[in-house]
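What the coordinates show
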Amino acid sequence: MKRFVYFNDESCRDFYRDNRISNTKYTFWNFIPKNLCEQFRRVMNQYFLLIACLQLWSTITPVSPATTWGPLAIIFIVSASKEAWDDYNRYLSDKKANERRIWVVKDGVRRQIKAQEIHVGNIVWLHENDEIPCDLVLIGTSDPQGICYIETAALDGETDLKTRIIPSICANLSPEQLGKIKGVAECPNPDNNIRRFDANMHLFPPITDNEKCPLTISNTLLQSCYLRFTEWACGVAVYTGNETKSGMSRGTAEPKLTSADSMIDKLTVAIFVFQIVAVLVLGFAGNIWKDSHGRKQWYLMYPSEGPWYEFLVIPLRFELLCSIMIPISIKVTLDLAKSVYAKFIDCDDQMFDWETSTPAHSANTAISEDLGQVEYILSDKTGTLTENKMIFRRCCISDTLYGDNNGDALKDVGLLNAVSSNDPDVVKFLMVMALCNTVVPIKSNDGTISYKAQSQDEEALVNAASKLNMVLTSKDSSSAEICFNGSKFYYELLDVLEFTSDRKRMSIVVKESGSGKFLLLSKGADEAIFPRSCPGQEIKTYQEAVEMYSHLGLRTLCLGWRDLEECEYKEWSKKFQDASCSLDNRENKIAEVCHSLEKDIHILGITAIEDRLQDGVPETIKLLRNAGINVWMLTGDKQNTAIQIGLLCNLITPESNGQLLSINGKTEDDILRSLDRALVVMKTTPERKDLAFVLDGCALEIILKRSVESFTRLAMMSTTAICCRMTPLQKAQLVGILKSSGSLTLAIGDGGNDVRMIQEANVGVGISGREGLQAARAADYSIGKFKFLKRLILVHGRYSYNRTAFISQYSFYKSLLICFIQILFSFSSGLSGTSLFNSISLMAYNVFYTSLPVMTIIFDKDISETTVLQYPQILLYSQAGRLLNPSTFAGWFGRSLYHALVVFLITVHAYADEKSDMEELSMVALSGCIWLQAFVVTLDTNSFTYPQIIFVWGNFVAFYVINLILSVVPSLQMHNVMLRLCNQPSYWITMALIVTVGMGPVLALRYLRKVFQPSAIDVLQQIEQTNRHIETSRNMESSSRTYLDHLLTDLRRNKGSIHQPLLSESLACSR
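Calculation criteria
- Residues numbered from 1 in each chain as written.
- Predicted model: local features only at pLDDT ≥ 70, side-chain atom pairs only at ≥ 80, totals over all residues.
- Heavy atoms only, no water.
- Helix = DSSP H or I, 4+ residues; strand = E, 2+ residues; numbered from the N terminus.
- Buried < 20%, exposed > 50% of the residue type's maximum accessible area, 1.4 Å probe, protein only.
- Contact = heavy atoms within 4.5 Å.
- Areas by Shrake-Rupley, 256 points an atom, 1.4 Å probe, with all protein chains shown as cover.
- Lys, Arg positive; Asp, Glu negative; His and termini not counted.
- Charge placed at Lys NZ, Arg CZ, Asp CG, Glu CD.
- Axes fitted to C-alpha atoms, helices over the stretch in contact; angles between N-to-C directions.
- Parallel < 35°, antiparallel > 145°, perpendicular 65-115°, else oblique.
- Phe/Tyr/Trp six-rings, centres within 6.5 Å; stacked < 30°, edge-to-face > 60°.
- Lys NZ or Arg CZ within 6 Å of the ring centre and 35° of its normal.
- Pairing = 2+ DSSP bridges.
- Salt bridge = Lys/Arg side-chain N within 4 Å of Asp/Glu carboxyl O.
- Polar contact = N/O pair within 3.5 Å; in protein donor to acceptor, adjacent residues only side chain to side chain.
- Left-handed = near helix turned anticlockwise from the far one by under 90°.
- Disulfide = S-S within 2.5 Å.
- Patch = residues over 30% accessible without salt bridge, like charges linked within 9 Å, V, L, I, M, F, W, Y side chains within 5 Å.
- Expected span 1.5 Å × (residues − 1).
- 1 Å grid on protein atoms, 1.4 Å probe; cavity = no way out; pocket = protein on both sides within 12 Å on 5 of 7 lines; lining within 4 Å.
- Points joined across faces, edges and corners; volume = space filled by probe spheres on them.
- Nonpolar A, V, L, I, M, F, W, Y, C, P; charged D, E, K, R; others polar.

**Some words on the overall build of the chain**
Across its full length, the chain carries 35 helices and 33 strands. Counting across all 1071 residues of the chain, residues that qualify as buried make up 54%. Across the chain, every contact between residues at least 6 apart in sequence was considered, and the portion connecting residues at least 24 apart equals 74%. Taken as a whole, the chain presents about 46300 Å² of accessible surface, with 56% of it coming from carbon and sulfur. For the chain, the centre of its 106 positive side-chain charges and the centre of its 116 negative side-chain charges are spaced 3 Å apart.

Okay, here's the thing in structure tokens:
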């Protein structure tokens, strides 16, 4: 499918949408129904709605419907308010963009309109620093050569300026002609590919006589970009509004479900099953009691014959009574906690990159706890582990190596002499370095020249050539000028054979102005250039140079050229033009045509560029590996280069303590046999030896077709891997393989080629680097340097997981506690499903009394950040999910049942002989629950802060203040209840007894285990305490550290095991 865009033609404006941008999710009229539909997509909300509707049936409801409708309404209002606020901000942003004033030209007349009034086919006139309002085909600029510069950072995150050129048929058109231009562009339907635009255009007479001209992405100005260093430019609107490439790229990413959330869902299902079983058993027993005993009690006044559904009444009452087993507030509580976790990351000064003024940023607030459970890190190399600051170090020209003695070819006397003597091979080599690129030279007012490049490698090569006297002084779409040793040389740029990840090379065709020769200049990876060398040329020296430079960790490129006959070029140029004009499969057709020209290349030499490691990378990788995280490096570089970088950054261990297994071969069978051998070695090698494997993209392609299972087993057994010559798709495939095996993955990169990998991983981290912000924008988290990853995982990730584990299980605990008391009370009320607590108390308990205290855990730290970084092995607790699993939940379940028995039995027996009514008994039991939950939160907190005092004990005081106020309201059932209780000594004695009996055994078990079977966290806490008390015996600290080393070693050996007693302890216990 395609569209035809007619320039300056109002007749086609109604066929396509206008330029109004809309990123809002709702409208004023559909907000309430649409938001309600979205909220009720959650199964838990559907469940609570069903419970709330059942409570409207007065025959079965034991409490007021407000106990469920109230909290449900509060939760919906909070969620809806957040959605409304976010959508309102999107509306304001859209409004600002839509009402910007834009210049358009119609039949030569310029006028200003709102951006939203632009239609397809309009001529849009831009000035320097203007934001581009829609997707345009460039037809004119202020530059005589038809060039303009745009900044695409808002679109793809790349900070370097891009060059855009007008189509050839628009050359030499005056501004007056541009305003009256007529023509048609044949374009594909809108898509989100910002790298590709395959279209054609032709102009109507009198401008030209229907000459057909191909259009590519280099002829476009895309929405959200900015015009830079160009006085003016104009273009034809081809895509508008949400149909622009930027608009088509917008959208919400698929939500990621964390491991903790997945476990919470499973626990919710388990509780629901338990609830149904309990309801059926209690309902059945209730019906039996009613028939055998209840009908004999005159005061119950059961009718002799009831309705047909009478047998359902008691089970449904118990269903409503037990519905609070699943905490209604858990979703809101966790969402709030996770938002705070994200703010902690954003505000961490120790993760602020002062060099680039880049703070850490959390774009996804829902997955912080997954950071603490990461098992595999898959990292890009260039710009992620390295600085991406390319420095020209060495080269090989005509079998001569330069830069070997001092490590800097630019200071090599031999090369400097060759340059000064105009050595022809060196001159050709430098000429290819200066011309074969997409670099744009920019002259400043003082005459100095700087270079803007889309690739750091190209910038390094052009700068190196300039320092060796081959200076690129000017360049436009059709010509280039270089100055060498005081002489100027002019070249006509005929065609550019662009670099692609498949071709791994780029070439240009130039014509020397003086001699009229046609030349093909090429540069690329050695495996892309060497097979295309001219027959008979000896390339062994170059191959050895590539091997040597790779062992030094340098990035290599091969340069070459060949003379072209004029007739050969013209014949090829026609094929290239036809392929460039094709709207069907254009990219492959162009690649085939380019391949036919790039042959018989005379190899000129090899360049070697250094990309230094970032500061702190070796220490960070060592720390992460000590934490039990497997680190893989995925790169497009050569194998030897990647291995050398791996050694430098502690990714792989030298041969004395480690072994690197290579998976390669000349045939498919050879590759599969090497994979099998690697598996055997992995299985038979002792654990103390560090094993890793290395493979390239070709081998991976074969393995994914024929032996995925074997490779998956190898991946699970290896702590480290180096994957070379990887395409973006293969990087994402590797992440997918590890995810499919159940491992939690983190992908980190800095460039656009890392986006697929980042989005595929459980957690995506982008580095705001020299390649731009594209990876950072696609990621869940962005950081300035790789070294900040250790704090992101070990500090923020671990604390977030610990806190989420406690908050989620505590939410179930406090709901189960009140529910078990209700069930125990039913045995005293003839299993009738009667509620012990009144409606107000139940609603306040769920929404206020127990929701705020748990938020203090958001600020809790079981051990200090310094200790965590000193003993990174402690991360293995959260990696294995030892804080949130069925075993730990059983502990909380058992604690809630025990505490329910304590509260109910002590309350009933304490007030058995008192003349107390139902409301007093209810308030005593509720008070006991509030006292217990306050002590549970306090004793399970490891660090005491002001928020804890406010949330726990402030809430505790608020409980009494609120109920004392309610006690003076005559119309309430609670009238005078709390006033009477507070004046009774027996009430306070009962509270003290409940706390003592409820917390005593828990504290005793915890003390005994810390003394006789301390966990690694217990030992670390003890070490921290001894460090704060100088008088403590040094022998104790020494013995503690020895025992800790033993525990950590055992923890690594038994990483997957889970052992947990019935009564769950604090975050500081063994999980």
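**Re the packing of helix α19 (residues 668-684) against helix α20 (residues 697-706)**
Relative to each other, α19 and α20 sit at 80°, their axes nearing to 10 Å. Here α20 runs roughly perpendicular to α19, going by the angle between their axes. Within the contact between the two elements, α19 uses E668, D669, I671, L672 and L675 and α20 uses A699, I702, I703 and R706.

**Overview of the packing of aromatic side chains**
Applying the stated criterion across every chain, the model contains 34 aromatic pairs. Here the aromatic rings of F28 and W29 are separated by 5.0 Å at their centres, their planes lie at 85°, and the arrangement is edge-to-face. Neither F28 nor W29 differs from the other in exposure class; each is exposed. In textbook terms, an aromatic cluster arises when at least three aromatic residues are bridged by ring pairs, as seen for Y849, W931, F935, W953, F956, F959, Y960, Y987 and W988. One cation-aromatic arrangement involves R3 over Y16; the distance from NZ or CZ to the ring centre is 4.1 Å. The aromatic ring of W892 is capped on one face by R895, whose charged end is 4.6 Å from the ring centroid.

**Some thoughts on the sheet that holds strand β1 (residues 2-6)**
Read from one edge of the open sheet, four strands run β1-β8-β9-β10, paired in antiparallel fashion. At either margin of the open sheet sits one strand with a lone partner, and together these are β1 and β10 (213-215). The average undirected angle you get between the axes of adjacent strands in this sheet is 25°. Summarising the sheet, β1 and strand β8 (residues 183-188) pair through five bridges and their orientation is antiparallel. Residue pairing across strands places R3 opposite C187, the latter belonging to β8.

**Some points on the pattern of salt bridges**
Applying the stated criterion to the full structure yields 42 salt bridges. Among the ionic pairs, R228 bridges to E151, the shortest N-O distance being 3.3 Å. Separated by 77 residues along the polypeptide, R228 in strand β12 (residues 226-228) and E151 in strand β6 (residues 147-151) bring together distant segments of the chain. With relative accessibility at 23%, the residue E151 sits in the partly exposed group. For the salt bridge of R196 with E587, the shortest nitrogen-to-oxygen distance reads 3.1 Å. Within this pair, whereas R196 is found in the loop between β8 and β9 (199-203), its partner E587 is found in helix α16 (residues 586-597), the two being separated by 391 residues in sequence.

**Comments concerning the pairing of strand β4 (residues 123-127)**
Of all five residues that make up β4, four are buried, and the element is covered over most of its length. Bridge count between strand β2 (residues 101-106) and β4: three bridges; the pairing is antiparallel. Pairing of W103 across the sheet is with W125, part of β4. Summarising the sheet, β4 and strand β13 (residues 232-239) pair through five bridges and their orientation is antiparallel. Opposite H127, over in β13, you have W232 as the bridge partner.

**As for the environment of K381**
Note on placement: K381 falls in the loop between β15 (376-379) and β16 (386-397). The buried category is assigned to K381, whose relative accessible area is 1%. Taking the C-alpha atoms as reference, K381 lies 23 Å from N437; in sequence the two are 56 residues apart. Among the polar contacts made by the side chain of K381, one reaches the side chain of T382 at a distance of 3.4 Å.

**Quick look at the side chain of S967**
Among the secondary structure elements, S967 is positioned in helix α31 (residues 946-967). Not counting residues within four places of it along the chain, the set of residues in contact with S967 comprises M974, H975, N976, V977, M978 and L979.

**Some points on the sheet that holds strand β21 (residues 479-484)**
Strand pairing in a sheet takes place through backbone hydrogen bonds and is either antiparallel or parallel in direction. Spatial strand order, β17-β16-β26-β25-β24-β23-β22-β21-β20: nine strands in an open sheet with antiparallel pairing. Only two strands of the sheet have a single neighbouring strand rather than two, namely β17 (400-402) and β20 (470-475). When strand polarity is set aside, the average angle formed by the axes of neighbouring strands in this sheet is 30°. Sheet topology note: the strand β24 (residues 518-524)/strand β25 (residues 555-564) ladder contains seven bridges and is antiparallel. Within the sheet, the bridge partner assigned to L519 lies in β25 and is D563.

**Describing the packing of helix α29 (residues 886-910) against helix α30 (residues 918-939)**
Put simply, α29 and α30 touch, their axes get as near as 10 Å, and they point 140° apart. The pairing of α29 with α30 is recorded here as oblique in orientation. Here α29 runs over α30; the crossing is right-handed. Contacts from W892, R895, H899, V903, T907 and V908 in α29 reach L921, V924, A925, G928, C929, L932 and V936 in α30.

**Considering the side chain of T712**
Mapped onto the fold, T712 is located in helix α21 (residues 708-717). When its relative accessible area of 17% is taken as the criterion, T712 is described as buried. Leave out the neighbours within four places in its chain, and T712 touches I737 and S741.

**Side note on the state of the cysteines**
Counted according to the given criterion, the structure contains zero disulfides. C558 carries a free sulfur, and the closest cysteine sulfur to it, the one in C396, is 9.6 Å from it. You can call C558 buried: its relative accessible area is 1%. In this structure C594 is not part of a disulfide, and its nearest cysteine sulfur, from C436, lies 12 Å away.

**Quick notes on the pairing of strand β30 (residues 720-724)**
Among the five residues in β30, five count as buried, and that is most of the element. Where burial is concerned, the two faces of β30 agree: the one with T720, I722 and C724 and the one with A721 and C723 are both buried. Pairing of strand β27 (residues 630-634) with β30 involves four bridges; the strand directions are parallel. Within the sheet, the bridge partner assigned to W632 lies in β30 and is A721. When strand β29 (residues 690-696) meets β30, the two strands line up parallel, connected through five bridges. Bridge pairing links A692 to T720 in β30.

**A look at a nonpolar patch on the surface**
The grouping of V269, F272, V273, V277 and V281 at the surface amounts to a nonpolar patch, some 420 Å² of accessible area in total. Turning to its location among the elements, V269 is positioned in helix α7 (residues 259-292). Assessed through its relative accessible area of 52%, V269 is described here as exposed.

**Things to note about helix α9 (residues 330-346)**
The end-to-end C-alpha distance of α9, which contains 17 residues, comes to 24 Å, matching closely the 24 Å that a straight helix rising 1.5 Å per residue would cover. Among the residues of α9, those classed as buried are I330, T333, L334, A337, K338, Y341, A342 and I345.

**Examining empty space enclosed by the protein**
What the rule picks out here adds up to three cavities of 30 Å³ or more. Estimates place the volume of the largest cavity at around 170 Å³. Around the largest cavity, the lining is made up of 18 residues, and of these T67, T68, S323, I324 and N846 lie nearest the centre. Put simply, the parts of the chain that give the lining of the largest cavity at least two residues each are α3 (66-98), α8 (310-322), α25 (789-826) and α26 (839-849). In terms of residue count, the dominant contributor to the lining of the largest cavity is α3 (three residues). Its residues placed into classes, the lining of the largest cavity shows 10 nonpolar, eight polar and no charged.

**Focus on unusual backbone geometry**
Backbone geometry at S357 places phi at a positive 55°, although glycine is not the residue there. Its place among the elements puts S357 in the loop between α9 and β14 (361-362). Of note in the backbone geometry, S398 takes a positive phi value of approximately 50° without being a glycine. Examined against the element boundaries, S398 turns out to sit in the loop between β16 and β17.

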